[in-house]
Amino acid sequence: MAPISDLAKRWYHFPIVLGSLFLIQFPNLHDPPRFIAEYVALVALWLAVVSPELERKPFSLHRAYPALVFSILLVGSFVSKMILMRFGLFASPFFAPILLLALLTDRRLSVNVAVFFSVMLITSVEPTPIRFGLILVSNIVAAVTGSGLKKRLQIIRPAFFTALCNVLFLVLSLFSGESLSLDRDLLVSFSAPFLFSVVDLGLLPFVEYLSLVYSDIDLVELGNMNHPLIKLLSLRAPGTYYHSTILANLAEAAAEKIGANPILARTAAYFHDIGKVKRPYFYTENIQDRNPHDELNPKLSHLIVQDHVKYGLELARRHRLPLLVQDVIPQHHGTRVQKYFYHKAREMGENLSEDEFRYTGPKPQFKEAGIIMLADSVEAAFRSVKNPSAGRIRSLVEEIVSGIYNERELDESGLTLKDLEAIAGEFAKVLLNMFKSRIEYPKEEIKRVIVLAENPDSKPNEAQSSDQEDSKDR
Ligand SMILES: [Fe+2]
Ligand SMILES: [Fe+2]
């Protein structure tokens, strides 16, 4: 059971549970003892199954998550009850709030909310084992099959399985002697889940816009490089744009490997340095001939470079980027020290402490943010390396990962030592593939030279097009 201080922190949960109950329980309000008993039971259930889930990262990081659960419960329970009273249980969209939550959060949270929501809803109808079974099973099925969807079309999966539950319980109702009109009820019980799943998909963009909690479906769309901020980055800071795309590949592969969210990792990687669109030529990857920092005091250089975090966050808020993508912007540097400028200041005889060259944080708060911090350093370290061996790549990656781990920057990220080992392995694999393709590139050039040598009359372009034709044929 949660300590008293935790309960006090969550005081606002209780009136909301009460509010939901009022909304769906108005026929039972004439029986106050029953209402109070149901309320106490529901609060206990809430504290046992939903509260601990909301205390888990990333849901504990933003008030938007409990607010989302409460709003979905309030509206969902009211609408479900209304339709249930008017058209019957099999036409009710009682699973739709849970499906919406499954699309926006994760399986564990939505299954637990499904249990709570089912018990709350059953108090408002004449409870029979079949009704309770239908509501509970359909809600859990919606939570399990609806989480982790990456394409809109995949909504057919939860729709089909909840429709199947409906039909199954309809048959059970018939056997238990309930008076039902078979043709009508069969049609309704099978088609209602498809209809309400599509309604959920329609609601999704609005809920995302208001809450800034994004489903994987729309995170994929955000990461398709058509976003105005990404376009701006590619025009103003091409070096950072290239750095972000490599980072996205590294972060996605590592997140996939350790069971974190690869879609979140990829999308957040695209936006992590978006603040560099302001003064792009102060960042290594965009510096061409003249390094502007040569003429600046190291402390000032540090302040300018650090500003990309503040400005990035400002842009992300203005463009209403998902909360977790916004979080990655300050967290990818955590509270690390900008060692280059710190050592430069020391060499210049300035007596400044390391803390004056520290990013303001916070440290990475979830796995994907930790992965991006690691990938950021790895990509930067390998930028100037030319064709290293597999062993050298592996040892350099391990050196960087263990360096950041020893700085204790990953303490709050939830990454374990086992995860770090897997991440380092995956980074090394992606980098090796990148270097291999860099090495293989000249082979194409050599092939073209051979074609030119064999056909001295052909122009270089012709040689190239004959090459393309070749590959087309293959
Ligand atoms: Fe950065
Ligand atoms: Fe970066």
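This structure is a prediction, so every number in the text was calculated from the model and none was measured. (Residues numbered from 1 in each chain as written. Chains lettered and ligands numbered in written order. Predicted model: local features only at pLDDT ≥ 70, side-chain atom pairs only at ≥ 80, totals over all residues. Heavy atoms only, no water.)

(A) Structural detail: the nonpolar core. Residues Trp46, Ile371, Phe382, Val397, Ile423 and Phe427 are the most contacted members of the largest nonpolar core, which totals 118 residues. Counting only domains with at least three residues in this core, you end up with domain 1 (4-216) and domain 2 (223-437). When sequence neighbours within four positions are dropped, the list of residues in contact with Phe382 reads Ile393, Leu396, Val397, Leu431 and Phe435. Core analysis: the next-biggest nonpolar cluster, separate from the first, contains 10 residues, Val309, Phe341, Leu352 and Phe357 among them. (Core = buried A, V, L, I, M, F, W, Y, C linked by side-chain atoms within 4.5 Å. Buried < 20%, exposed > 50% of the residue type's maximum accessible area, 1.4 Å probe, protein only. Domains from an automatic or database assignment. Contact = heavy atoms within 4.5 Å.)

(B) Geometry of the coordination of the iron ion (ligand 2). Protein ligation of the iron ion (ligand 2) involves His243 (NE2), His272 (NE2), Asp273 (OD) and Asp376 (OD), the donor distances falling in the range 2.1 to 2.3 Å. On the primary sequence, the residues serving as donors to the iron ion (ligand 2) are separated as H-x28-H-D-x102-D. Taking relative accessible area as the criterion, Asp273 reaches 1% and is therefore assigned buried. (Donors = N, O, S within 2.8 Å, 3.2 Å for Na, K, Ca; no water.)

(C) Geometry of the pattern of salt bridges. In the structure shown here, the tally under the stated rule is 23 salt bridges. In this structure, Arg266 engages Glu252 in a salt bridge whose closest nitrogen and oxygen atoms are separated by 2.9 Å. Of the two residues, Arg266 is situated in helix α13 (residues 262-271) and Glu252 in helix α12 (residues 238-258); the sequence distance between them amounts to 14 residues. As a salt-bridge pair, Glu285 and Lys276 come within 2.8 Å of each other at their nearest N and O atoms. Taken individually, Glu285 and Lys276 each receive the classification buried, so the pair is uniform in this respect. Three or more residues joined by partner-sharing salt bridges are found here, namely Asp273, Lys276, Glu285, Glu379 and Arg383. (Salt bridge = Lys/Arg side-chain N within 4 Å of Asp/Glu carboxyl O. Helix = DSSP H or I, 4+ residues; strand = E, 2+ residues; numbered from the N terminus.)

(D) Broad picture of the packing of aromatic side chains. As enumerated under the stated definition, the model contains eight aromatic pairs in all. Over the face of the ring belonging to Phe357 we find Lys299, whose NZ or CZ atom lies 5.5 Å from the ring centre. Above the ring of Tyr209, the side-chain terminus of Arg320 is found at 4.5 Å from the ring centroid. (Phe/Tyr/Trp six-rings, centres within 6.5 Å; stacked < 30°, edge-to-face > 60°. Lys NZ or Arg CZ within 6 Å of the ring centre and 35° of its normal.)

(E) Highlighting a nonpolar patch on the surface. A grouping of Val75, Phe78, Val79, Met82 and Met85 is seen on the molecular surface, where their side chains present a nonpolar patch of about 410 Å² in accessible area. Locating Met82 in the fold gives a position in helix α4 (residues 64-87). (Patch = residues over 30% accessible without salt bridge, like charges linked within 9 Å, V, L, I, M, F, W, Y side chains within 5 Å. Areas by Shrake-Rupley, 256 points an atom, 1.4 Å probe, with all protein chains shown as cover.)

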